[in-house]
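# Overview (structure and organization)
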Amino acid sequence: MRKKLLVGILAVCMTATLLSGCKGKETKTEDASVSATQQEQTEAEKVEDTAEPITLTVFSNLPDRKNGQGLVEQKIIDDYMSENPNVTIEVEALDEEAYKTKFKAYAMNGMPDVVSIWGQPSFLDEVLEAGILEPLNEADYADYGFVSGSLEGFKKDGKLYGLPRNTDVMGFYYNQKMFEDNGWEVPKNYDELLVLGKKIKEAGIVPVAMDGGDGWPLAIYLTDLLVRVDGNIKDIVSNAIATGDFTDPSIVEATKLLAKTAQSGLFQVGYDSQDYGTAMNLFTNGQAAMFYMGSWEASMALNEDISEEVRNNIRAFTMPPITDGKGAQTDIAAWNGGGYAVAAQSEQKEEAIKFLNYMYQPDKLSKYGWENGVGMSAQDQSAYMTGNETNLQNQFTDILNNATSVSGTPINDCGPSVFKTAMESEIQSVCNGTKSVDDFLSVIGETCK
Amino acid sequence: MKKLYSNKLVILSLVLPGILVFIFAILAPICLSVYYGCMDYSGMGKATFNGIDNYKMLLRDAAFGRALLNSLLLAVGFVFIQHPIALIVAAVLDKLQGKAEGFFRCVYFIPNVISVAVIAYLWKFIYNPDFGLINNILKSLGYQEKINWFSPNIAIWSVLIVLIWHGFGWGMLIYYTGIKNIDPVLYEASAIDGANQATTFLKITLPLMKPVIQINVTMAIIAALKQMETVYLLTNGGPGNSTQFAANYLYQQAFKAFRYGYGNAIGIVFIIICLVVTVGLNTIFVEKKEA
Amino acid sequence: MKTEKKQSKIGRAILWIVLIIVAVIQIFPLVWLIDFSLASSNEMFTSGLLIIPKKIQWGNYIKAFIDGHFLLYLKNSILINSLAVLLVVVISIMAAFACRRMEWKLSGFVKTLLLVGMMIPIHATLLPNYKIYNTIGLTDTIWALLIPYVAFSLPQALFLMTGFIAALPVELEEAAVVDGCGIYRIVFLIITPLLKPSISTVAIMTFLNNWNEFMMASTYLSSPKWKTLPFSVLEFTGQYSSNYAVQFAVMALTAAPAVIVYILLNKHITKGVAMGAVKG
């Protein structure tokens, strides 16, 4: 009997919640219409100091809100909310792969107000074509100190649609203490790197931790190699993508070198199925001697979750040159990729743009970023040099300042997203040897046609 | 009574909620899929009609073929690895009495109630070549080589092991119930005839379990076809497309490669395959039953 | 006679060994999970199978509990699943009764139509449903999950219910009609109480089907408002990407409610699953 009673009560409760759920919605819409009329009234009376409560939604690709870039973003959001008490900012954050998937889902209908974007054709072309992002007035940003050329990827037909967050440089992070303890030296050319890899492996340590499960770090590695082979790669890549013909000897050579590298065991066992976190953890827990990743991870040096012994000894170098290659070590794989934009359909466009501009005030993203050991921003950061930079930060600044050329957008991001998807999946096959170099190049070429 | 039981309005009111749910959640999306399946549509902006081009493309799509092949491998794995073990364990469990029986049954079923999200991430760690559980076990047995459990040739089997492990309790439980339903008199008779346990199992348990086995096998094959969540989190179809499955592939194409139209075309073909296989299996088994 | 006894003793030993090995395989990964969830992150990188943490890190669980929005997601999971069960049970009883007992031409057709849902792969509807929910503003609401959860549990429930209703004696209803009961009273006051065991079967099957679902949840939801338990795990892999121990803690914590409930209700659930599966 008691059981029956319990079931009955439960059922009633559930129906009640269901009903109240519906009711709640109704009242909410009523509220909205009421506030709308109020708004009209206030506008009619031209009383401006009672600010309407506004909720901005931010969709971010930085799920770790306590370290590095995510921390910086959250700090700025908190600042903004405390300076504008009528504004509430809700953040939805997913890691990069999940972010891009969800972004496309959102793109079909209704974007959040402020979103993370990438100023690269693979991401932006279709997005801009669909008119999802709000054009910005470029003249407004003249004195924001953007590094020259950094806005290019975010433009279409002369109009600016987003702002870059970082200047990304790709390189090998290495554990300096581990290198010294074992008598290893930073390789001066690519052959030395491969020899060093063998030595490290014999010592029972992973030579290079590679996030091969995602595909894009491998594609950037390929870009990096292509720069070593041919120096300036922009024309080769854009030609190949325009024609779908990837048989250019430089591309073939770079791909062969990548496959050879992967099969020589430079990366950890099972690299082609392991994700970002796994690769990074191998390195930060002293299981791997090197980690191939971008400058945005320079904040590792300040991450308290990483043991002091490792975190204080992280250094970096760029891809070493290859024999007979046209590119030098100072020709770096670097680009302005990630950034922010405002959704065209946003109902609070003005506030969203205001917030966007707030983020890019030089003393926000650039300053906070620098203080938190994140890599370089896309703006002039020289004013915020404190002398307390981590060694990593100084190294990356030097790398960038001494660069003789910059690769621009990595190869996988230069084509349409079908190309990107195919390339990032097939590159795993060419690395682990299940696909030949020729097959790989013809398959990715096929997607460009 | 008859009048009361054929009141059209009452009937309508009783079945309407069910029909509405069906229309809204199953029929409408399928129709929409058919529509978008004939479109060249990125998911944003304009859609242009392209007839059956998507389906032609699908015919030549090696990744989709691989996905179907993987479903087949998975089904084979379920039927020839998971089910025999489950059946034998169920038969063995049947011999136990009292608390031990309940304990084992409970333990076997526990993985089944755990979320796929947890299972997939857990097994990522278990398989990790550098610090994973399996390679640590091998190491403690003296095998020093690091094995890559997700290398292209064996990745699909590694996925299979996870699925077998996860679904083992379910299959076992159903066989167990089937065995419990067998009339004990039959066992007594065979004991009097002097049959040993193995013969009893082969001559009595197995034939009587045939309908249960058929249901279980049908469900396993369909589950293999519909597989998505574990693969999505464990390998996302990689490396290459070596662990690709139809559901995962259509999701990737629509939300990753900006080919919403193509994704829908895959969805339609996928639905048709599922329908054909389900109906096919049912007719095969029903005919057999009647024969 | 003696050898036979010996044989059966050996047989029994083998039997136990088999059962224990399978049990260890099934349960050890979970023991491993809990073990490392109590360690600190860098202790993971040992070659031992299990470790004794230098210091037991309860903090991992505190982080998992708070940053994983454990209570909110648990509440959402319970609410959404309970509602789905309630709707599935009510709708399936009504439809089953109408198709099985009432007299109308289309009863067979409607029943088959509803059962077809059992064959449709749920993930094939992800793309079009996303579009539909978006257009009518259902994304990020509880309905975006409730509707598909109900829709895809309904066919099986209907199948089971028609079977059970068919087995009920008609005399009861005849008596009720004589007493002047309407159809609704017959369905909800006379039939439903008799279906108690089948209702629990349907409820258990629906719960097991939907409790751990996350693919639709992650596609249709964006704000934490209605997110369900599996999200704790998904979100943590990004949020605590460099802290494995906390990731382990959140996995253990997420798995806990279902495991505990299963152990407590073990007998009922076993019975329910067995009944549902064998009949289905």
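The residue numbers shown here count from 1 along each chain, following its written sequence. The order in which chains are written sets their letters, starting at A; the order in which ligands are written sets their numbers, starting at 1. With the structure being a predicted model, the display of local features is reserved for residues of pLDDT at least 70 and the display and counting of side-chain atom pairs for 80 or more, all residues being used for whole-chain, interface and lining totals.

### As for the overall build of chain B
- Runs of H or I in DSSP of at least four residues are treated as helices and runs of E of at least two as strands, each being numbered from the N terminus. Within chain B, the secondary structure is distributed over 14 helices and two strands.
- C-alpha atoms of chain B, sized along the principal axes, occupy 75 × 75 × 35 Å.
- Partly exposed residues are those whose C-beta has more than 12 but fewer than 20 other C-beta atoms within 10 Å; 20 or more makes a residue buried and 12 or fewer makes it exposed, with C-beta atoms placed from the backbone. A buried classification covers 46% of the 291 residues belonging to chain B.
- Put simply, 69% of the contacts in chain B that link residues at least 6 apart link residues at least 24 apart. Once C-beta atoms have been placed from the backbone, residue pairs whose C-beta atoms lie within 7 Å are recorded as contacts.

### Some points on the overall build of chain C
- Across its full length, chain C carries 12 helices and zero strands.
- Its helices and strands in sequence order give chain C the pattern α-α-α-α-α-α-α-α-α-α-α-α, from N to C terminus.
- When we talk radius of gyration, it's over C-alpha atoms, and the globule rule is simply 2.2 Å times the number of residues to the 0.38. Relative to the compact-globule value of 19 Å for 280 residues, chain C shows a C-alpha radius of gyration of 24 Å, a clear excess of over 25%.
- Seen along its three principal axes, the alpha-carbon backbone of chain C occupies a region of about 75 × 75 × 35 Å.
- Put simply, chain C has 280 residues, and 52% of those count as buried.
- Considering only contacts in chain C between residues 6 or more positions apart, those separated by 24 or more positions represent 77%.

### Thoughts on the confidence of the model for chain C
- Averaged over chain C, the pLDDT score is 88; the fraction of residues at 70 or greater is 96%.
- Overall fold confidence (pTM) sits at 0.86, and the ipTM for the predicted complex is 0.89. For every residue, the pLDDT score states the predictor's confidence, bounded by 0 at the bottom and 100 at the top.

### Here we look at helix α4 (residues 121-129) of chain A
Residues and elements named next belong to chain A.
- Among the nine residues that make up α4, seven are buried, leaving the element largely enclosed by the rest of the structure.
- Burial in α4 covers these residues: Pro121, Ser122, Phe123, Leu124, Glu126, Val127 and Leu128.
- In the segment just after α4, Gly131 is the residue with positive phi, at about 65°.

### What to know about the interface of chain B and chain C
- Chain B puts 73 residues into the contact, and the matching count from chain C is 70 residues.
- For the side of chain B that touches chain C, the element with the highest residue contribution is helix α2 (residues 8-37) of chain B, accounting for 17 residues.
- Residues are grouped as follows: Ala, Val, Leu, Ile, Met, Phe, Trp, Tyr, Cys and Pro are nonpolar; Asp, Glu, Lys and Arg are charged; every other residue, Gly included, is polar. When the residues that make up the side of chain B that touches chain C are grouped by side-chain class, the tally is 52 nonpolar, 14 polar and seven charged.

### Quick notes on the environment of A:Val127
Residues and elements named next belong to chain A.
- Residue position: Val127 is located in helix α4.
- Counting along the chain gives 84 residues from Val127 to Asp211, while the straight-line C-alpha distance between them is 27 Å.
- Apart from the residues within four sequence positions on either side, Val127 is in contact with Ala107, Ile132 and Leu133.

### Description of the packing of helix α9 (residues 249-263) of chain A against helix α16 (residues 437-446) of chain A
Residue and element names in this part refer to chain A.
- Between N-to-C directions, angles cover 0 to 180 degrees, with each direction set by a line fitted to C-alpha atoms, over the stretch in contact for helices. It is the contact of α9 with α16, at a shortest axis distance of 10 Å, that shows an interaxial angle of 120°. Considering the angle they form, α9 stands oblique to α16. Here α9 runs over α16; the crossing is right-handed. Where α9 abuts α16, its residues Ile251, Val252, Thr255, Lys256 and Ala259 lie against Val437, Phe440 and Leu441.
- Considering only residue class, the contact of α9 with α16 consists of six nonpolar, one polar and one charged. Roughly parallel refers to an angle under 35 degrees, roughly antiparallel to one over 145, roughly perpendicular to one between 65 and 115, and oblique to any angle outside these ranges. Take the far helix as your reference; a near helix turned counterclockwise from it by less than a right angle gives a left-handed crossing, and one turned clockwise gives a right-handed crossing.

### Re the nonpolar core
- Residues enter a nonpolar core if they are buried, belong to Ala, Val, Leu, Ile, Met, Phe, Trp, Tyr or Cys, and are joined to the set through C-beta atoms within 7 Å. Counting residues in each nonpolar core, the largest one holds 295 residues, and the members touching the most others are A:Ala209 and A:Phe291.
- Among the elements that take part in this core, helix α3 (residues 70-100) of chain C stands out by supplying 16 residues, more than any other.
- Here A:Ala209 is in contact with A:Gln268, A:Ala279, A:Met280, A:Leu282, A:Phe283, A:Ala288, A:Met290 and A:Phe291, once residues within four sequence places are set aside.

### A few points about the interface of chain A and chain B
- Each partner contributes residues to the interface: chain A has 30 residues there, and chain B has 25 residues.
- Where the side of chain A that touches chain B is concerned, the elements lending two or more residues are α3 (96-107), α4, α10 (276-284) and α15 (417-432) of chain A.
- Element by element, the count of residues in the side of chain A that touches chain B is highest for α15(A), at eight residues.
- Looking at the side of chain A that touches chain B residue by residue, the class counts come to nine nonpolar, 15 polar and six charged.

### Re unusual backbone geometry
- Residues other than glycine seldom take positive phi values, yet A:Asp157 does so here, at roughly 50°.
- Following the sequence through the fold, A:Asp157 ends up in the loop between β4 (155-156) and β5 (159-160).
- Here C:His69, not a glycine, exhibits a phi torsion of approximately 50°, which is positive.
- In this fold, C:His69 is placed in the loop between α2 (58-67) and α3.
- Its 17 C-beta neighbours within 10 Å are what place C:His69 among the partly exposed residues.

### Describing the sheet that holds strand β3 (residues 114-118) of chain A
All names here are of chain A.
- Taken together, five strands build an open sheet; the order of strands is β2-β1-β3-β13-β6 and the sheet is mixed. Two strands lie at the open edges of the sheet, namely β2 (87-93) and β6 (163-164), each paired on one side alone.
- Strands were regarded as paired on the criterion that DSSP finds at least two bridges between them. For strand β1 (residues 54-60) and β2, the ladder comprises seven bridges, and the chain directions are parallel. Among the inter-strand pairings, Thr57 is bridged to a residue of β2, identified as Glu90.
- In the packing of helix α12 (residues 349-360) onto the sheet, the strands contacted are β1, β2, β3, β6 and β13 (338-342), and the crossing angle to β13 comes to about 155°.

### Details of the packing of helix α7 (residues 216-230) of chain A against α9(A)
Residues and elements named next belong to chain A.
- Viewed as axis vectors pointing N to C, α7 and α9 meet at an angle of 125°, and their least axial separation amounts to 9 Å. As the angle between them shows, α7 and α9 are arranged oblique. Note on packing geometry: the crossing formed by α7 with α9 is right-handed. The residues of α9 that touch α7, namely those facing Tyr221, Leu222, Leu225, Leu226, Val229 and Asp230, are Ser250, Ile251, Glu253, Ala254, Thr255, Leu257 and Leu258.
- Split into classes, the residues belonging to the contact of α7 with α9 amount to nine nonpolar, two polar and two charged.

### Points about the pairing of β1(A)
Residues and elements named next belong to chain A.
- Of all the seven residues making up β1, five are buried; the element is thus mostly covered by neighbouring parts of the structure.
- By convention, orient the strands away from the viewer: a clockwise path from the first strand over the helix to the second makes the crossover right-handed. The parallel pair β1 and β2, bridged by helix α2 (residues 68-83), forms a crossover whose chirality is right-handed.
- Bridge count for β1 against β3 is two bridges, and the pairing is parallel. If you follow Phe59 over to β3, its bridge partner there is Val115.

### Topic: the pairing of strand β7 (residues 166-175) of chain A
All names here are of chain A.
- With 10 of its 10 residues buried, β7 lies for the most part within the structure.
- The pairing of β7 with strand β14 (residues 376-377) spans two bridges and is antiparallel. From the neighbouring strand, Asn166 faces β14, where its bridge partner is Ser377.
- Sheet topology note: the β7/strand β12 (residues 334-335) ladder contains two bridges and is antiparallel. By the bridge assignment, Asp168 is partnered in β12 with Trp335.

### With respect to the environment of B:Leu68
Residue and element names in this part refer to chain B.
- Inspection of the secondary structure assignment puts Leu68 in helix α4 (residues 62-95).
- Overall, Leu68 belongs to the partly exposed group, with 17 C-beta atoms counted inside 10 Å.
- As a C-alpha pair, Leu68 and Ala246 span 178 residues in sequence and 6.6 Å in three-dimensional space.

### Considerations on α7(A)
Residue and element names in this part refer to chain A.
- What a helix is expected to span follows from its residue count: subtract one and scale by 1.5 Å. Taking 1.5 Å as the rise per residue, α7 with 15 residues should run 21 Å; its terminal C-alpha atoms sit 21 Å apart, in good agreement.
- Across the 15 residues of α7, 15 count as buried, placing the element largely inside the fold.
- Remark: Gly231 follows α7 within two positions and exhibits a positive phi of approximately 75°.

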